[in-house]
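# Inside the fold
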Amino acid sequence: MHPAGETEVSREEARRIAVRAQLLDGSAKGVLETVRQLGYLQIDPISTVAPPQHLVLWSRLGGAFDRAELDRLLWEERKLVEWRAFIWPIEDLPLLRARMRRRSSRGLEYVREHASFRRYVLRELERRGPLLSREIDTHASRRGAERHDWWGSRQMGLMLEVLAARGEVAIVGRRGKQRVWDLAARWYPETETLPWPEAERLHAERRFRALGVRSEKGRWLAHPDATDGAVPDRATLLSPFDRLIHDRARTHALWDFFYRLEMYVPKAKREYGYYVLPLLVGDELVGRAEPVFDTKTRTLRLLGAWGDTSRLDEAVRGLAAWLGADRVVG
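The structure contained in this document is the topic of the report that follows. (Residues numbered from 1 in each chain as written. Predicted model: local features only at pLDDT ≥ 70, side-chain atom pairs only at ≥ 80, totals over all residues. Heavy atoms only, no water.)

Let us look at the side chain of Thr-251. Inspection of the secondary structure assignment puts Thr-251 in helix 12 (residues 248–255). By relative accessible area, Thr-251 is classed as buried at 1%. Residues within four places of Thr-251 in sequence aside, it is in contact with Leu-244, Ile-245, His-246, Asp-256, Phe-257 and Leu-285. (Helix = DSSP H or I, 4+ residues; strand = E, 2+ residues; numbered from the N terminus. Buried < 20%, exposed > 50% of the residue type's maximum accessible area, 1.4 Å probe, protein only. Contact = heavy atoms within 4.5 Å.)

Spelled out as structure tokens, the structure:
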């Protein structure tokens, strides 16, 4: 079912609407409000400049983005929640719970096959949690627990992922880059129960609102809540996981801008670089660049740049200031 009131717009209008809906027009006011509008932030371990969830917020908030605020919203105020490599507004927990119930049936065979292992993990978290995954393993070895193929860091991580997907355990913090786990019942608040079709309908509606515009049979359709208007002439770099460009086909259709993340492409076959960031100026994707930040020397190094880079220095200066870089090279 499509939202009532969606309107067909031109491609030029669709570009402006998409940028404005994603708060890349300079209208973002804070971390929580930004995550709520975007719908979620994707987490990825590869961060040649900064973690993607941080880079997405910087692209919108600039130097006003404080990483400590994101951590506070996640682990202290609990207004955001981490689930399956994404950060979500806590208001979306009923939708996530519907997905957890769905995944509960899909993972049933695995937990049945490793029933004793599952009981052990849940029992240790209940008695001793919150814990890092290695702390559960260490305790097992110290107690002389019976060894099986699934003991060990890889299988422990797999079991925790399965239990998290099912909604039995939750990520409740981080120590450095390591996740801290506990029983979901001790972390998630009580929520309403949504049936799967209703949860998916709401998710699709929120996704459409966050994107502002979608393509359907060669037409561009704007969400009823979307607004058009001039986009300020600001320059910024985008994470490869930014929602504005995450749908590569949509990105190409809107801007004639072909983009792919080439870190999994053999070096000799790369067209650009390992971790290249698109350059957005106003409502146009005009170029791309490959910055790398060395945290030890506090150096932001530009390995390459392509396309219209006349405004790249502006974006790089802003990025360097936010990172706390002592110098920029390249």
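Now that the structure has been shown, we can carry on.
Moving on: the pairing of strand 9 (residues 219–222). On any regular strand, side chains alternate: one points to one face of the sheet, the next to the other face. In this sheet, strand 9 lies alongside strand 1 (residues 7–9) in antiparallel orientation, the contact comprising three bridges. Bridging across to strand 9, Glu-8 finds its partner in Leu-221. When strand 8 (residues 213–216) meets strand 9, the two strands line up antiparallel, connected through four bridges. Within the sheet, the bridge partner assigned to Glu-216 lies in strand 9 and is Arg-219. Where strand 8 hands over to strand 9, the hairpin turn is made up of two residues, of which Lys-217 adopts a positive phi near 55°. (Pairing = 2+ DSSP bridges.)

What follows is about the nonpolar core. One finds Leu-70, Val-121, Leu-125, Tyr-188, Leu-237, Leu-244 and Leu-319 to be the most contacted residues of the largest nonpolar core, which totals 94 residues. Sorting elements by how many residues they give to this core places helix 13 (residues 312–323) first, with seven residues. Excluding residues that lie within four positions of it along the chain, Leu-319 makes contacts with Val-49, Leu-55, Trp-58, Leu-237, Pro-291 and Leu-300. If you look at the next biggest cluster of nonpolar residues, it comprises five residues, including Leu-95, Ala-98, Ala-199 and Leu-202. (Core = buried A, V, L, I, M, F, W, Y, C linked by side-chain atoms within 4.5 Å.)

On to helix 1 (residues 11–21), then. Residues lying three or four places apart along an α-helix face the same way, a consequence of the helix completing one turn every 3.6 residues. Those residues of helix 1 that fall on the buried side of the exposure criterion are Ala-14, Arg-15, Ile-17, Ala-18, Val-19 and Ala-21. Trailing helix 1 by a residue or two, Leu-23 shows a phi angle of about 60°, which is positive.

Next up on the list: the packing of helix 5 (residues 93–106) against helix 11 (residues 196–211). With their axes 9 Å apart at the nearest point, helix 5 and helix 11 run at an angle of 130° to one another. When the axes of helix 5 and helix 11 are compared, the pair comes out oblique. As for how helix 5 packs across helix 11, the hand of that crossing is left-handed. Residues Leu-95, Ala-98, Arg-99 and Arg-102 of helix 5 pack against Trp-196, Ala-199, Glu-200, Leu-202, His-203 and Arg-206 of helix 11. Across the contact of helix 5 with helix 11, the residue classes break down as five nonpolar, one polar and four charged. (Axes fitted to C-alpha atoms, helices over the stretch in contact; angles between N-to-C directions. Parallel < 35°, antiparallel > 145°, perpendicular 65-115°, else oblique. Left-handed = near helix turned anticlockwise from the far one by under 90°. Nonpolar A, V, L, I, M, F, W, Y, C, P; charged D, E, K, R; others polar.)

In this structure, the largest pocket occupies an estimated 830 Å³ of space. Looking at the lining of the largest pocket, the elements that each hand over two or more residues are helix 3 (52–61), helix 4 (67–76), helix 9 (153–165) and strand 7 (178–183). Per-class residue counts for the lining of the largest pocket are 15 nonpolar, nine polar and ten charged. Volume-wise, the second largest pocket comes out at about 220 Å³. Contributing elements (two or more residues each) for the lining of the second largest pocket: helix 2 (31–38), strand 4 (86–89) and helix 11. Residue contributions to the lining of the second largest pocket peak at five residues, all from helix 11. A class-by-class count of the residues in the lining of the second largest pocket yields six nonpolar, three polar and seven charged. (1 Å grid on protein atoms, 1.4 Å probe; cavity = no way out; pocket = protein on both sides within 12 Å on 5 of 7 lines; lining within 4 Å. Points joined across faces, edges and corners; volume = space filled by probe spheres on them.)

This next bit is on the pattern of salt bridges. What the rule picks out here adds up to 27 salt bridges. Lys-79 is the partner of Glu-77 in a salt bridge, and the nearest nitrogen-oxygen pair spans 3.4 Å. Linking Arg-209 and Glu-205 is a salt bridge whose minimum nitrogen-to-oxygen distance equals 2.8 Å. Placement of both Arg-209 and Glu-205 in helix 11 is noted, with a separation of four residues, approximately one turn of the helix. The class for Arg-209 is partly exposed, based on a relative accessible area of 32%. On the basis of relative accessible area, Glu-205 is assigned to the buried category, the value being 17%. Each of the salt bridges in this network shares a partner with another, and the network as a whole consists of Glu-6, Glu-8, Arg-214, Glu-216 and Arg-219. (Salt bridge = Lys/Arg side-chain N within 4 Å of Asp/Glu carboxyl O.)

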